[in-house]
Amino acid sequence: SYVNLKQNRDFTYLGGIDNYFYTDFGQIKASFHHDLFNVHNGSQAELKWRQHWQLNNIVIDLALASTWKSKRLINYYYGFRADENLNIHQTYQQKSGFNRWIELTTRYRFDTNFDILGAVRYTKLAESIVASPLINEEYTTTYFIGALYSFNAGDAFKKNYSPNSMHSILLCFF
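Report follows, based on the coordinates. (Residues numbered from 1 in each chain as written. Predicted model: local features only at pLDDT ≥ 70, side-chain atom pairs only at ≥ 80, totals over all residues. Heavy atoms only, no water.)

### A closer look at the overall build of the protein
What counts, and what does not: Helix and strand assignments follow DSSP, with helices taken as H or I runs no shorter than four residues and strands as E runs no shorter than two, numbered in order from the N terminus. Residue burial is assigned from relative accessible area. The probe radius is 1.4 Å, only protein chains are included, and a residue is buried under 20% of its type maximum, exposed over 50%, and partly exposed in between. Residues are treated as being in contact if the distance between any of their heavy atoms lies within 4.5 Å. All accessible areas in this document rest on Shrake-Rupley with a 1.4 Å probe, and a residue is counted as covered only by the protein chains that are shown.
The number of helices and strands found in the protein is four helices and eight strands. Moving toward the C terminus, one meets the helices and strands of the protein in the order β-β-β-β-α-α-β-β-α-β-α-β. Within the protein, the proportion of its 174 residues that are buried is 34%. Of the contacts made within the protein by residues no fewer than 6 positions apart, 52% connect residues no fewer than 24 positions apart. About 11100 Å² of surface is accessible on the protein, with carbon and sulfur atoms providing 57% of the total.

Below, the structure is given as structure tokens:
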């Protein structure tokens, strides 16, 4: 069937709260974010575990997460509006869902403030996203290569990810 995708999706930001818990078994992050500009009024929540290991100047991070996406968020980005295709709009009924992902990041420390890094993430998409006629895969794989410069981070952040350290980070994407 014919799909009219002339309609653009408006850009928005998700804003919310992130909570970090530091344990002997790694870092746990719990977060909740909501559409700040009322474009889709959707929300998402995430629970993530991360552990890192360091050997001299090499840091390896492993992360596992589950990200819940609301029905409104999924509908906005993966659904159709009536003016795009009435038949699909009526038959594709979205619901909230969970994306699950695993990520491996490797960093090489040049000095206290500067790292180069590479990452790969495998995401298993929520069933409600996979059911969209716009999606033809059940997963995504994301690759990243970049540089990290930490202002005033010092060794506490580099080695221990200390929650007591104040720091700001600038990421450069290639």
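### Here's the deal with the pattern of salt bridges
Pairs can form between side chains of opposite charge once their charged atoms are near each other. The condition that has to hold: Note on definitions: salt bridges are taken to be side-chain nitrogens of Lys or Arg within 4 Å of carboxyl oxygens of Asp or Glu.
In this structure the tally under the stated criterion is five salt bridges. Residues E46 and K29 are paired through a salt bridge, measuring 3.9 Å at the closest nitrogen-oxygen approach. Taken together, the residues span a long stretch of sequence, with E46 in strand β3 (residues 43–55) and K29 in strand β2 (residues 26–35) at a distance of 17 residues. Residue E46 shares its accessibility class with K29, and that shared class is buried. For the salt bridge of R107 with D115, the shortest nitrogen-to-oxygen distance reads 2.9 Å. Here the residues in one salt-bridge network are D61, R107 and D115, joined through shared partners.

### Description of a nonpolar patch on the surface
Let me state the cut-off plainly: The residues that make up patches have over 30% relative accessible area and no salt bridge, and they are joined within 9 Å when like-charged or within 5 Å when they are Val, Leu, Ile, Met, Phe, Trp or Tyr.
Side chains of W53, I58, I60, L104, Y108, F110, I116, V120 and Y143 sit close together on the surface and give an oily, nonpolar patch of about 850 Å² of accessible area. Contributions of two or more residues to the nonpolar patch are made by β4 (58–69), β5 (97–109) and β6 (114–124). Tracing the backbone through its elements, the reader meets F110 in the loop between β5 and β6.

### What about the nonpolar core?
Applied cut-off: The set of buried Ala, Val, Leu, Ile, Met, Phe, Trp, Tyr and Cys residues whose side-chain atoms join them within 4.5 Å is what this entry labels a nonpolar core.
Counting residues in hydrophobic clusters, the biggest one holds five residues: I74, Y92, L125, A126 and I129. When neighbours within four sequence positions are excluded, L125 is seen to be in contact with F98, N99, V130, I135, E137, E138, Y139 and T140.

### Section: the pairing of β2
Note the cut-off: Strands are treated as partners if at least two bridges between them are detected by DSSP.
Here strand β1 (residues 14–23) pairs with β2 via ten bridges, running antiparallel. In the strand pairing of β2, F21 is matched with I28. In this antiparallel pair of consecutive strands, β1 and β2, the connection spans two residues. Across eight bridges, β2 lies against β3 in antiparallel orientation.

### Quick word on the packing of aromatic side chains
Counted only if it meets this: Pairs were defined over the aromatic rings of Phe, Tyr and Trp, the Trp ring being its six-membered one, requiring ring centres within 6.5 Å. Orientation was assigned from the angle between planes: stacked under 30 degrees, edge-to-face over 60, tilted for the rest. Placement of a charge over a ring requires the Lys NZ or Arg CZ to be within 6 Å of the ring centre, with the centre-to-atom vector within 35 degrees of the ring normal.
According to the stated counting rule, one finds seven aromatic pairs in the structure shown. With centroids separated by 6.1 Å and ring planes inclined at 65 degrees, the aromatic side chains of Y13 and F37 adopt a geometry described as edge-to-face. A residue pair is termed long-range when its members are at least 10 positions apart, and Y13 in the segment before β1 and F37 in the loop between β2 and β3 qualify at 24 residues. The rings of F11, Y13 and F37 are connected pair by pair, giving a single aromatic cluster. Here the guanidinium or amino end of R121 rests over the ring plane of W101, the centre of that ring lying 3.6 Å away.

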